[in-house]
Amino acid sequence: MSEILYGSEIAQTVKDGLKKELDQLRLQQKRIPKLVVVLVGDNPSSLSYVTGKEKACSAIGMDHELIHLPEQTTQSELMNVVQRLNQDAAVDGILVQLPLPKHLQEREILLAIDPKKDVDGFHPYNIGRMMMQDPVYLPCTPKGIIYMLETIGLDDLSGKEAVVIGRSNIVGKPVAQLLLNKNATVTVCHSQTKDIKEVAKRGDILVVAVGKPRLINHEWIKKGAVVIDVGVNRDEHNKLCGDVDFEDVKDMVSYITPVPKGVGPMTIAMLLENTMESYKRRENIYGI
Ligand code: GUN
């Protein structure tokens, strides 16, 4: 039996919990956690992601601000914005939407974000903490994927083969690390992998993040696999679709995430959770 794994529903539960905490903070007239999103230029996908993040903050009552800078923003202007946000005591989370326009040095910007406010989990400090299995902020999409696996009882992945297709810094590499931290035997495939379908077919868990509409059909899938589709693409009819050919594989899997309503909403929920976590640490709620 196949089941559709709706990230949208799991994300709603996470957001409901956060909303309760925020309502409580308001009742107690405490400072409210704040997320600032920085967007440079007008990349349509980025605009749509950023709008989703803003709406999610509004829905749960988290403070938020969008700093939308023009395409021609210089490296030093963007660095100044990041440094101002680092110093602003009212700001708990800073997210610089990627990809940045080509003339900007992404690496220098990500390094400039205070790791304590790095709710994206992209600063090398936070990536290092993840590698050492002592995480502070995990990258949102990988964290959301692991959260979804936990909701279907996949907590300890001992003895399971996990195959990740795609090796981006945002999804492929960190999700592979998190799967490894859960004791899975992990293989990362990419454009240079030989016999990639055969490798993919080994996966009890298959995570796909390549950005190619419906690349993955039944030939890539082990029967009964859990398939996590991170792709957000437009097909030839401009219809939203994933990297997996959902209709072609859905009857042979045990679970599959749809697009939309799959991984995307989980990413946003994890971002809100990370921002709440940053708030608690900054307010010293844990006494550490
Ligand atoms: N672009 C695509 N996904 C992400 C993300 O999770 N964070 C940021 N900052 N940019 C992205």
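Rules and cut-offs
Residues numbered from 1 in each chain as written. Predicted model: local features only at pLDDT ≥ 70, side-chain atom pairs only at ≥ 80, totals over all residues. Heavy atoms only, no water. Near = heavy atom within 4 Å. Polar contact = N/O pair within 3.5 Å; in protein donor to acceptor, adjacent residues only side chain to side chain. Areas by Shrake-Rupley, 256 points an atom, 1.4 Å probe, with all protein chains shown as cover. Nonpolar A, V, L, I, M, F, W, Y, C, P; charged D, E, K, R; others polar. Helix = DSSP H or I, 4+ residues; strand = E, 2+ residues; numbered from the N terminus. Expected span 1.5 Å × (residues − 1). Buried < 20%, exposed > 50% of the residue type's maximum accessible area, 1.4 Å probe, protein only. Contact = heavy atoms within 4.5 Å. Pairing = 2+ DSSP bridges. Core = buried A, V, L, I, M, F, W, Y, C linked by side-chain atoms within 4.5 Å. Salt bridge = Lys/Arg side-chain N within 4 Å of Asp/Glu carboxyl O. Axes fitted to C-alpha atoms, helices over the stretch in contact; angles between N-to-C directions. Patch = residues over 30% accessible without salt bridge, like charges linked within 9 Å, V, L, I, M, F, W, Y side chains within 5 Å.

In the vicinity of the ligand, the residues found are Leu-95, Val-96, Gln-97, Leu-98, Asp-120 and Phe-122. Between the ligand and the protein, one listed contact pairs a nitrogen atom with a backbone N or O atom of Val-96 at 2.9 Å. Within the backbone of Leu-98, an N or O atom sits 2.9 Å from a nitrogen atom of the ligand. Out of a free accessible area of 280 Å², the ligand has 85% covered by protein chains. Taken together, the residues of the shell around the ligand break down into 4 nonpolar, 1 polar and 1 charged.

Below, the discussion takes up helix α6 (residues 140–151). Between the first and last C-alpha of α6 there are 16 Å, a value that for 12 residues agrees with the 16 Å anticipated at 1.5 Å per step. In terms of burial, α6 is largely enclosed, as 9 of its 12 residues are buried. Considered for burial, the residues of α6 that qualify are Cys-140, Thr-141, Pro-142, Lys-143, Gly-144, Ile-145, Ile-146, Met-148 and Leu-149. If you follow the buried residues of α6, they end up packed against α1 (7–27), α7 (172–181), β7 (205–208), β8 (226–229) and α10 (263–282). Following α6 by one or two positions, Gly-153 adopts a phi angle in the positive range, close to 85°.

The buried count for strand β5 (residues 161–165) comes to 4 of 5 residues, which makes it a mostly enclosed element. Across 5 bridges, β5 lies against strand β6 (residues 185–189) in parallel orientation. Counted as the bridge partner of Ala-162 is Val-186 from β6. Sheet topology places β5 next to β7; 4 bridges connect them, and they run parallel. Of the residues in β7, the one forming a bridge with Ile-165 is Val-208.

Further remarks concern the nonpolar core. A general feature of soluble globular proteins is that nonpolar side chains tend to end up buried together. Formed by 52 residues in total, the largest nonpolar core has its most connected members in Ile-145, Leu-149, Leu-179, Val-207 and Ile-228. Ranked by residue count, the leading element in this core is α10, at 9 residues. For Leu-149, the residues in contact, after removing those within four places along its chain, are Leu-154, Leu-179, Ile-205, Val-226 and Ile-228.

Alternating residues of strand β4 (residues 93–96) divide into Gly-93 and Leu-95 and Ile-94 and Val-96, and every residue in both groups is buried. Across 4 bridges, the pairing between strand β2 (residues 34–40) and β4 is parallel. Within the sheet, the bridge partner assigned to Val-37 lies in β4 and is Leu-95.

Opposite charge on two side chains permits them to pair, given that their charged atoms come into close proximity. Per the stated rule, a full pass over the model turns up 16 salt bridges. One salt bridge connects Glu-273 with Lys-143, and the closest N-O pair in it is separated by 3.0 Å. Residue Glu-273 is located in helix α10, and its partner Lys-143 is located in helix α6; the two are separated by 130 residues in the primary sequence. On the basis of relative accessibility, which here comes to 17%, the residue Lys-143 falls in the buried class. Taking the shortest distance from any N to any O, the salt bridge between Asp-155 and Lys-182 comes out at 2.7 Å.

Below, the discussion takes up the sheet that holds strand β11 (residues 255–256). With parallel pairing, 6 strands are arranged side by side in an open sheet as β1-β11-β8-β7-β5-β6. Every other strand in the sheet has two partners, leaving β1 (3–4) and β6 as the edge strands with one partner each. The sheet contacts of α7 involve β5, β6 and β7, and relative to β5 the element is tilted by about 175°.

Taken together, Ile-127, Met-131 and Met-132 make up a surface patch of nonpolar side chains, about 310 Å² in accessible area. Note that Met-131 resides in helix α5 (residues 124–131). The class of Met-131 is partly exposed, set by a relative accessible area of 45%.

For the rest of this paragraph, the subject is the environment of Ser-76. Position of Ser-76 among the secondary structure elements: in helix α3 (residues 75–87). With a relative accessible area of 48%, Ser-76 lands in the partly exposed category. Residues Ser-76 and Ile-145, spaced 69 residues apart in sequence, show a C-alpha to C-alpha distance of 35 Å.

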